[in-house]
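What follows is each chain in one-letter form.
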Amino acid sequence: MTRPIIVFDLDGTLVDTAPDLLDSLNHSLAASDLAAVDEAGFRRFVGHGGRVMIERAHTAQNKALVAEEHDRLLQLFLDHYTLNIPGKSRPYPGVVAALDRFQAAGYLMAVCTNKYEANSVALIGALGLSKYFAAICGQDTFAFRKPDPRHLTETIRLASGDPESAVMVGDSQTDIDTAKAAGIPVVAVDFGYTDRHVREFEPTLVISHFDTLTPDLAERLIAAAR
Ligand SMILES: O=C(O)COP(=O)(O)O
Ligand SMILES: [Mg+2]
């Protein structure tokens, strides 16, 4: 029988990356004479990767953004972000213990994120977490990304898992919509990056700490979804 799999979102779910994403975003926006974004703005702009974050910051400040300028600012963002990995980013409380529990219980684990794959692999490596994951799939790994459910189902296949025996953990509407479209139960953490409470997006379950996330719980969610 295929081993069950638990798939995690990265930013705002496994790792608190907000300070570094915000620093790199503001580094990039400064080159475009935009006002710096604050924490509240960041929560509204994040979730679909750096390119969309830059675009949303411009829209919010009523600034036009042509394609070449968009490319230039994205490159500035990525160069700054890449150079500073892992920066101040750290796993949320209880993450490492939860990964150990799922590993001991025989689960496959994977990451499905709208960060670029190279930055995701580098960040997870710098935090010493690579050994847990059978696959780390970013927004550029496939020709589609969350909320397209194939980003999740192809991540599961790449990790040698089965979408019928899978659970997703995320922090945003993007993650919840993705998992629901794939028919996969989804646990939402309530401490990540969203400007509306995750409850509003109707995940299977909301948790406030990784200590709550156990293989028993995952097994129940997978069984209930069948
Ligand atoms: O960086 C982003 O915009 C989103 O990243 P996530 O999918 O890991 O939350
Ligand atoms: Mg996230």
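Just so we're clear, the structure is a prediction, and the values are computed from it rather than from any experiment. Along each chain, residue indices are assigned from 1 in the same order as the chain's sequence is written. Chain letters start at A and ligand numbers start at 1, both assigned in the order the entries are written. Reporting in this predicted model follows two pLDDT cut-offs: at least 70 for local features of residues, and 80 or more for side-chain atom pairs to be given and counted; totals over whole chains, interfaces and linings ignore these cut-offs and use all residues. With hydrogens and water stripped out, all remaining heavy atoms of the structure feed into the side-chain values.

Some points on the site of ligand 1
Contacts to ligand 1 come from Asp 9, Leu 10, Asp 11, Val 46, Gly 47, His 48, Gly 49, Thr 113, Asn 114, Lys 115 and Lys 146. As used in this structure description, the phrase polar contact means that two N or O atoms lie within 3.5 Å; if the pair is within protein, one of them must be able to donate a hydrogen and the other to accept it, and residues adjacent in sequence are counted only when both atoms belong to side chains. Separating an oxygen atom of ligand 1 from a backbone N or O atom of Leu 10 is a distance of 3.3 Å. The backbone of Gly 49 places a nitrogen or oxygen atom 2.7 Å from an oxygen atom of ligand 1. Using the Shrake-Rupley algorithm and a 1.4 Å probe, accessible areas are obtained, with residue cover drawn only from the displayed protein chains. About the coverage of ligand 1: the protein hides 96% of its 280 Å² of free accessible area. The site holding ligand 1 turns out to be the largest cavity. Delimitation of the domains relies on an automatic or database domain assignment. The residue makeup of the shell around ligand 1 includes at least three contributed by each of domain 1 (5–16 + 89–225) and domain 2 (18–83). For this purpose, a residue is taken to be near a molecule or strand whenever a single non-hydrogen atom of the residue falls within 4 Å of it. Definitions used for this entry: grid spacing 1 Å over protein atoms alone; cavity, a set of points where a 1.4 Å probe fits but cannot get out; pocket, an open set with protein on both sides within 12 Å along at least 5 of 7 lines; lining residue, one with an atom within 4 Å of a point. To decide whether a molecule occupies a pocket or cavity, check its atoms: if more than half lie within 2 Å of the grid points, it is inside.

Topic: the side chain of Ser 28
Helix and strand definitions follow DSSP, with helices as H or I runs of at least four residues and strands as E runs of at least two, each counted in order from the N terminus. The topology assignment puts Ser 28 in helix H1 (residues 18–30). Should any heavy atoms of two residues lie within 4.5 Å, those residues are counted as being in contact. When near neighbours in sequence (up to four residues on either side) are disregarded, Ser 28 contacts Ile 54, Leu 73, Leu 76 and Phe 77.

So, the coordination of the magnesium ion (ligand 2)
Those protein atoms acting as donors to the magnesium ion (ligand 2) are Asp 9 (OD), Asp 11 (O) and Asp 171 (OD), and they sit at 2.1 to 2.2 Å. Read N to C, the donor residues that coordinate the magnesium ion (ligand 2) are spaced as D-x1-D-x159-D. With Asp 9 in the loop between strand E1 (5–8) and strand E2 (15–16) and Asp 171 in the loop between strand E6 (166–170) and helix H8 (173–182), this residue pair connects regions lying 162 residues apart in the sequence. Assigned by exposure class, Asp 9 and Asp 171 land together as buried. Coordinating donors are taken to be N, O and S atoms lying within 2.8 Å of the metal, or within 3.2 Å when the metal is Na, K or Ca; because water is excluded from the atom set, some sites may appear incomplete. Note on classification: 1.4 Å probe, protein chains only; a residue is buried when its accessible area is under 20% of the maximum for its type, exposed when over 50%, partly exposed between these limits.

Overview of the UniProt feature "active site" (unreviewed entry) in the protein chain
Taking the numbering used here, the UniProt-annotated feature "active site" (unreviewed entry) corresponds to Asp 9. Excluding its chain neighbours within four sequence positions, the residues that come into contact with Asp 9 are Leu 14, Cys 112, Thr 113, Lys 146, Met 168, Val 169, Gly 170, Asp 171 and Asp 175. Within polar-contact distance, the side chain of Asp 9 engages the side chain of Lys 146 at 2.8 Å. UniProt positions are given in the numbering used here, feature names are shortened, and annotations may be inferred rather than shown by experiment.

Examining the domain arrangement of the protein chain
By domain assignment, the protein chain separates into domain 1 (5–16 + 89–225) and domain 2 (18–83). Distance between the C-alpha centres of domain 1 and domain 2: 25 Å. Each partner contributes to the interface: domain 1 provides 17 residues, whereas domain 2 provides 17 residues. Each partner contributes to the roughly 1,300 Å² buried at the junction of domain 1 and domain 2, and carbon and sulfur atoms together form 47% of this total. Buried area is a sum: the accessible area each of two parts loses on coming together, probed at 1.4 Å, counted once for each and added. When the buried surface of domain 1 facing domain 2 is broken down by residue, Tyr 116, Asn 119 and Tyr 193 rank first, second and third, together holding 38% of it.

What about the layout of surface pockets?
Grid points are joined across faces, edges and corners, and a volume is the space filled by probe spheres set on the points. One number sums up the size of the largest pocket: a volume of about 200 Å³. As for the largest pocket, its lining consists of 14 residues, of which Arg 43, Val 46, Gln 173, Thr 194 and Asp 195 are closest to the centre. If you list the elements that add at least two residues to the lining of the largest pocket, you get helix H2 (39–45) and H8.

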